[in-house]
Amino acid sequence: MSSETEIHPFRVDMPDDAITDLRRRITATRRPSRELVTDRSQGVQLATIQELSRYWATDYDWRRCEAQLNALPQFRTGIDGVDIHFIHVESPHADALPLIMTHGWPGSVIELLGSVGPLTDPTAHGGSAEDAFHLVLPSLPGYGFSGEPAEIGWNVGRIAQAWAELMRRLGYTRYVAQGGDVGASVTDAMGRQGPQGLAGIHMNLLVTALGGGPMPAGTEQERAALEQTKTFRASGFGYFLEQATRPQTIGYALLDSPAALAAWMLDHDTDAYEKITRAFVDKQPSVGLTRDHILDNITMYWLTGTGASAARSYWENGRAQALAAGQPPPPVKLPVGFTTFPGEIFQAPRSWVEASYPTLTYFNEAARGGHFAAWEEPELFTTEVRAAFKPLR
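Residues numbered from 1 in each chain as written. Predicted model: local features only at pLDDT ≥ 70, side-chain atom pairs only at ≥ 80, totals over all residues. Heavy atoms only, no water.

Draft legend 1. Structural view of the overall build of the chain. Of regular secondary structure, the chain possesses 16 helices and nine strands. Rg of the C-alpha trace for the chain: 20 Å, near the compact-globule value of 21 Å for 393 residues, within the 12% margin. Each of the 393 residues in the chain was classed as buried or not, and the buried ones make up 57%. Look at the contacts in the chain between residues 6 or more apart in sequence, and 77% of them connect residues 24 or more apart. Accessible surface, the chain: about 16600 Å² in total, of which carbon and sulfur atoms supply 52%. (Helix = DSSP H or I, 4+ residues; strand = E, 2+ residues; numbered from the N terminus. Rg over C-alpha atoms; globule rule 2.2 N^0.38 Å. Buried < 20%, exposed > 50% of the residue type's maximum accessible area, 1.4 Å probe, protein only. Contact = heavy atoms within 4.5 Å. Areas by Shrake-Rupley, 256 points an atom, 1.4 Å probe, with all protein chains shown as cover.)

So, in structure tokens, the structure goes:
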């Protein structure tokens, strides 16, 4: 932990012993017997973990991912008592719009790497200079290469304040923010806090609808979305509930067993799980969700030992929501963009988004992609980010 406000260059350099130990632990895994059903209703299937483990222990190369990260400008700086890791890629185009993008769980900055080139240097990727961004990709506190908070209170509101300080420290007086999953909650909080310089926000998960409050159900699309949220709470909520109530308990497994960590991270949502399973078992990746990219993300969690500290972020946010129960949140007065991806946990109708964000200026239902949209469909995701912020240039 550091109280320094200086920005220091950062490089990833994991020791060989840690990688050797990882492979040893994968090989020594004690696995349960095969599930008693033909689907994932009992959890992550044995065949998926067996093939993932085989590839992880024999064919996977962490050094390739490490080189990819180190090819980008990485830094750390102390904010509010926590060392924050971030990637900062300045566009070659002088009039680029500064953009801070926040990842979620079980993701990391790795899920956003495919969009770095197209967003910062669009002319090299079929776009125009007017589409350029200066890009800031921070790692959430307790995730990846950011430090672990040493005290409670690091909920999304506090992270939003830290991100505003990070952008101020980088010298950006006008910027925009984007996020999905936990990153959507952070971006929502930034929009409600309205820090000086923030010009607009874009999200691809409607976090306001996951709070359990009443949502309109008058149209067929609204009823379908409502059923999707009910399904999530009934059968896809296990990881959420455990991390929101007992993150330390699951943390012992996440820090001790690579297979437990992998299974826990895979068991997120049906669409992503099925795509990841196809990548390993059927050797059929879904665009960016390749075996290597999936293991890049899991391996980062393992080598940094952040399984438990990342899980605690759910406890922090649950605690903050309980303390604020019954109090309406401040309104978002900034322009808001939103993209619904078809494979998301639920497909938010425009009416729901407008109810949460009356200042909605951009809405689109994408043709492809799911919960990890930037990871799975980086080209399509990049197009959505460009379109959402185009009126703010």
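Draft legend 2. Broad picture of the pairing of strand β9 (residues 360–365). Inspection of the sheet shows strand β8 (residues 336–340) paired to β9 by five bridges, in the parallel sense. By the bridge assignment, G337 is partnered in β9 with Y362. Note that the unit made of β8, helix α14 (residues 350–356) and β9 has a crossover that is right-handed. (Pairing = 2+ DSSP bridges. Right-handed = clockwise from strand over helix to strand, strands pointing away.)

Draft legend 3. Local environment of the nonpolar core. Within the largest apolar cluster, 117 residues are counted, with the highest numbers of intra-cluster contacts made by W62 and I298. A total of eight residues in this core trace back to one element, the largest contributor, which is helix α5 (residues 156–169). Once residues lying within four places of it in the same chain are set aside, the contact partners of I298 are L52, W56, L261, A262, M265 and L266. (Core = buried A, V, L, I, M, F, W, Y, C linked by side-chain atoms within 4.5 Å.)

Draft legend 4. Highlighting helix α7 (residues 220–235). The first and last C-alpha atoms of α7 sit 22 Å apart over 16 residues, in line with the 22 Å expected at 1.5 Å per residue. Among all positions of α7, only E222, A225, T229 and F232 are buried. Projected onto a plane normal to the axis of α7, the buried residues spread over an arc of 80 degrees and lie on a single side. Residues E220, A234 and S235 are exposed on α7 and point more than 90 degrees away from its buried face. Among the structural elements, α8 (238–245) and α14 are those in contact with the buried residues of α7. (Expected span 1.5 Å × (residues − 1). Arc of directions from axis to C-beta.)

Draft legend 5. Molecular detail of helix α9 (residues 247–256). Of all the residues in α9, the buried ones are P247, I250, G251 and L254. The arc that holds every buried residue of α9, seen down its axis, measures 120 degrees, which confines them to one face. Among the structural elements, α8, α10 (258–266), α12 (291–304) and α13 (307–323) are those in contact with the buried residues of α9.

Draft legend 6. Structural detail: unusual backbone geometry. Residues W105 and P106 are joined by a peptide bond in cis, for which omega reads 5 degrees. Locating P106 in the fold gives a position in the loop between β4 (97–102) and α4 (116–120). Here the phi dihedral of D181 falls at roughly 55 degrees; this positive angle occurs in a residue that is not glycine. Tracing the sequence through the fold places D181 in the loop between β6 (175–179) and α6 (182–193). In this structure D181 comes out as buried when scored by relative accessible area, which is 9%. Even without glycine at this site, V287 takes up a positive phi of about 50 degrees.

Draft legend 7. Looking closely at the pairing of β8. With five of five residues buried, β8 lies mostly within the body of the structure. The alternating pattern of β8 places V336, F338 and T340 on one face and G337 and T339 on the opposite face, and all of these are buried. Two strands pair when backbone bridges link them, and strand β7 (residues 198–203) and β8 are joined in this way by three bridges, in the parallel orientation. From the neighbouring strand, M203 faces β8, where its bridge partner is F338.

Draft legend 8. Layout of the environment of Q74. Among the secondary structure elements, Q74 is positioned in strand β2 (residues 74–79). Exposure remark for Q74: the relative accessible area of 3% places this residue in the buried category. The sequence separation of Q74 and H88 amounts to 14 residues, and the corresponding C-alpha distance is 6.3 Å. There is a polar contact of 2.9 Å between the side chain of Q74 and the side chain of H85. (Polar contact = N/O pair within 3.5 Å; in protein donor to acceptor, adjacent residues only side chain to side chain.)

Draft legend 9. Quick look at the sheet that holds β7. The nine strands are arranged β1-β2-β3-β5-β4-β6-β7-β8-β9 in an open sheet whose pairing can be described as mixed. Among the strands making up the open sheet, the edge pair consists of β1 (7–9) and β9. Across the sheet, the mean angle from the axis of one strand to that of its neighbour is 25 degrees, orientation sign disregarded. Against the sheet, α5 engages β1, β2, β3 (82–89), β4, β5 (133–138) and β6, with an angle of about 120 degrees to β2. (Axes fitted to C-alpha atoms, helices over the stretch in contact; angles between N-to-C directions.)

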